[in-house]
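Chain by chain, the residues run as shown.
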Amino acid sequence: MTFEPEQLGQSRNDLAQTLRELRKRAGLTGDRLARRCNMSQSQISKFETGKKTPKLVDVERILRALDAPAEIMAEVTALARIANTEWQDKRSSWRRGMEKRQTELASLEREATELRYFLPAMITGLLATPDYVRASLTHTPGDSSKTMARKLERQAVLYDTSKAFTFVLTEQAARWAIVPAPAMALQIDRLISLSHLPNLRIGVIPVGTVMTRGPMNTFTVYDNRLATVENFTGRMVFRDSRDVSEYLAVFSSFEQHACFRDEARALLQQWANDYR
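Residues numbered from 1 in each chain as written. Predicted model: local features only at pLDDT ≥ 70, side-chain atom pairs only at ≥ 80, totals over all residues. Heavy atoms only, no water.

1. Side note on the sheet that holds strand β7 (residues 234-238)
Hydrogen bonds between backbone atoms are what pair the strands of a sheet, whose relative direction is either parallel or antiparallel. Here is the rule we go by: Here a strand pair is declared whenever DSSP counts at least two bridges between the two strands. Secondary structure elements follow DSSP: runs of H or I of four or more residues count as helices, runs of E of two or more count as strands, with numbering from the N terminus. Axis definition: a line fitted to C-alpha atoms, limited for helices to the stretch in contact. Angles are taken between N-to-C directions and run from 0 to 180 degrees. When checking whether two residues touch, look at their non-hydrogen atoms; a contact exists if any pair is within 4.5 Å.
If you trace the 7 strands from one edge of the open sheet to the other, you get β1-β7-β6-β5-β2-β3-β4, paired in mixed fashion. Pairing within the sheet leaves two strands with one partner each, and these edge strands are β1 (85-89) and β4 (200-205). Averaged over all adjacent pairs, the angle separating strand axes in this sheet is 15°, with direction ignored. Sheet analysis places strand β3 (residues 164-170) next to β4, joined by 6 bridges and oriented parallel. Opposite threonine 170, over in β4, you have isoleucine 205 as the bridge partner. Here helix α12 (residues 241-256) sits on the sheet in contact with β1, β2 (114-119), β3, β4, β5 (218-222), β6 (226-231) and β7, set at roughly 115° to β5.

Take a look at the structure:
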């Protein structure tokens, strides 16, 4: 399935209208359809008016209740997948103020209890030293002081023992020098220090590890409900359970090839020493 980012907002309205038209074409009231689907009438109404976006499993239940033909099933489920995906443009974040993005991330971190981060290229702000954070914001237009402050404030969540964090980094991510060598040594030392927190696991995948899947994107999975995937121009947010499950499976495959605990610390120490 391919789509353009601008489709994502319109797709929610398209999905609502399509579900409403299919129900009417089948000659069913909202109440009768709701009974067939074992849903409430108000839930069907919210789906059809766009007040609530149905999950893919909800759409499939509705389509089966309507006896929709296979080609309609394929078309509408594809639309549902798009409707459950959000595109967040980086330039829009810049216009709103990047510190607002930090507030949104803090909210996601506050609500989640199990957080998984795959980092193929750079160290995430939660694990970063102030020097590293400052350097990572070099290409952000405007005054980045508020964004930096919010990034550093967010790090307090790591010490919340009601949450479990797993970070999997490639060797490139750990060693990519966005700051001078002495600062990189301190940054890697911080990874070693944080790895001793009881609720935090830091895994590293050394260069030369044989894996058939390439490290294509930075992504984060919040519990089993939401995944965010980043690229140069923005990020996509996946809320459909099947998409989230796919990212959980990808994360698990990387996690199984990573070194943790003392083995990871020994590698990190070696890489830190290379910068000294």
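2. Structural notes on the layout of surface pockets
Just so we agree on the cut-off: Here a cavity denotes a set of grid points, spaced 1 Å apart and computed over the protein atoms alone, in which a 1.4 Å probe fits but from which it cannot get out, and a pocket denotes an open set meeting protein on both sides within 12 Å along at least five of seven lines; residues with an atom within 4 Å of a point are reported as lining. Grid points are joined across faces, edges and corners, and a volume is the space filled by probe spheres set on the points. For this scheme, ten residues count as nonpolar: Ala, Val, Leu, Ile, Met, Phe, Trp, Tyr, Cys and Pro. Four count as charged, namely Asp, Glu, Lys and Arg, and the remainder, Gly too, count as polar.
Volume-wise, the second largest pocket comes out at about 310 Å³. Lining of the second largest pocket is provided by 15 residues; of these, Met216, Asn217, Phe219, Val229 and Tyr247 occupy positions nearest its centre. Where the lining of the second largest pocket is concerned, the elements lending two or more residues are β6, β7 and α12. It is α12 that provides the largest number of residues to the lining of the second largest pocket, a total of 4 residues. Counted by class, the lining of the second largest pocket contains 9 nonpolar, 3 polar and 3 charged residues.

Keep in mind that these numbers describe shape and distance, not what the molecule does.
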